[in-house]
Amino acid sequence: CNRDGFIDVNDLREIHLNLGRQPTDDELKKMLGETPGQMNFTAFLTLFGEKMHGTDPETALRQAFEQFDPERKGKLPEEYIKDLLQNMGDNFKDDEIRQVWKEAPISGGQLDYNA
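Computed from a prediction, not measured in an experiment: that's the story for all the values here. (Residues numbered from 1 in each chain as written. Predicted model: local features only at pLDDT ≥ 70, side-chain atom pairs only at ≥ 80, totals over all residues. Heavy atoms only, no water.)

### Details of the overall build of the protein chain
In terms of regular secondary structure, the protein chain is built from 6 helices and 3 strands. Written out in order from the N terminus, the α and β elements of the protein chain read α-α-α-α-β-α-α-β-β. Taking all 115 residues of the protein chain together, the buried fraction comes to 31%. If you take every contact in the protein chain between residues at least 6 apart in sequence, the share linking residues at least 24 apart comes to 51%. Surface summary for the protein chain: the accessible area is close to 7300 Å², and the carbon and sulfur share equals 48%. (Helix = DSSP H or I, 4+ residues; strand = E, 2+ residues; numbered from the N terminus. Buried < 20%, exposed > 50% of the residue type's maximum accessible area, 1.4 Å probe, protein only. Contact = heavy atoms within 4.5 Å. Areas by Shrake-Rupley, 256 points an atom, 1.4 Å probe, with all protein chains shown as cover.)

Rendered as structure tokens:
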């Protein structure tokens with residue numbers, strides 16, 4: 001992923017390859033066409049969950065977070081996730097983020113997406 005805040009066809013291909021899938025260019029373009037405008041973090045998580053139908057939702061969500069963790073440490077900086085939530089997709093408000101943080105496994109400024 002090129003970390004520009006948007007998921008393009010190359011990012012989507014890389015994500016699928018990391019999961020052991022080899023989608024065609026047409027499949028990738030169709031997936032990108034399912035979102036209005038450019039695909040952002042929120043749209044990616046939604047689409048990813050829909051495409052992983054029939055799989056364990058917890059595993060699908062973990063795999064989605066892994067795409068933003070190139071070193072596969074299992075943790076992402078709290079501020080990075082907060083920035084994604086505030087600036088990509090649905091643009092969460094501060095009170096919405098506080099609500100999410102009440103449930104999130106955050107320790108030492110790191111979101112543990114494997115918890």
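### Describing unusual backbone geometry
One non-glycine residue with positive phi stands out, namely R72, at about 55°. When its relative accessible area of 38% is taken as the criterion, R72 is described as partly exposed.

### Some thoughts on the packing of helix α5 (residues 78-87) against helix α6 (residues 94-103)
For the pair α5 and α6, the least separation of the axes is 11 Å and the interaxial angle reads 135°. Judged by the inter-axis angle, α5 sits oblique to α6. The element α5 and its partner α6 pack so that their crossing is right-handed. The segment α5 lies against α6, with E78, I81, K82, L85 and Q86 engaging D94, I97 and W101. Tallied by class, the residues present in the contact of α5 with α6 amount to 4 nonpolar, 1 polar and 3 charged. (Axes fitted to C-alpha atoms, helices over the stretch in contact; angles between N-to-C directions. Parallel < 35°, antiparallel > 145°, perpendicular 65-115°, else oblique. Left-handed = near helix turned anticlockwise from the far one by under 90°. Nonpolar A, V, L, I, M, F, W, Y, C, P; charged D, E, K, R; others polar.)

### Overview of the nonpolar core
Within soluble globular proteins, side chains that are nonpolar tend to cluster in buried spots. With 25 residues, the main nonpolar core has I7, F44, F65, F68 and I81 as its most contacted residues. Listed by contribution, the elements that provide at least two residues to this core are α1 (9-18), α2 (25-33), α3 (41-51), α4 (57-66), α5 and α6. Here this core gets 5 residues from one element, more than from any other, and that element is α3. (Core = buried A, V, L, I, M, F, W, Y, C linked by side-chain atoms within 4.5 Å.)

### Some remarks on the pattern of salt bridges
According to the stated counting rule, one finds 2 salt bridges in the structure shown. When the shortest N-O distance is used, the salt bridge between D25 and R13 registers 2.2 Å. Here R13 lies in helix α1 and D25 lies in helix α2, a separation of 12 residues in the sequence. A residue is classified by how much of its surface remains accessible, and D25, at 41% relative accessible area, is partly exposed. (Salt bridge = Lys/Arg side-chain N within 4 Å of Asp/Glu carboxyl O.)

### Notes on the environment of I81
Note on placement: I81 falls in helix α5. Beyond its immediate sequence surroundings of up to four residues, I81 is in contact with F65, L76, W101 and L111.

### Concerning a negative patch on the surface
On the surface, a cluster of negative charge is made up of D90, D94, D95 and E96. For D95, the position within the fold is in helix α6. Assessed through its relative accessible area of 49%, D95 is described here as partly exposed. (Patch = residues over 30% accessible without salt bridge, like charges linked within 9 Å, V, L, I, M, F, W, Y side chains within 5 Å. Lys, Arg positive; Asp, Glu negative; His and termini not counted. Charge placed at Lys NZ, Arg CZ, Asp CG, Glu CD.)

### As for the environment of A43
Relative to the assigned elements, A43 resides in helix α3. You can call A43 buried: its relative accessible area is 19%. When the C-alpha positions of A43 and D90 are compared, they lie 8.6 Å apart, and in sequence the two are 47 residues distant.

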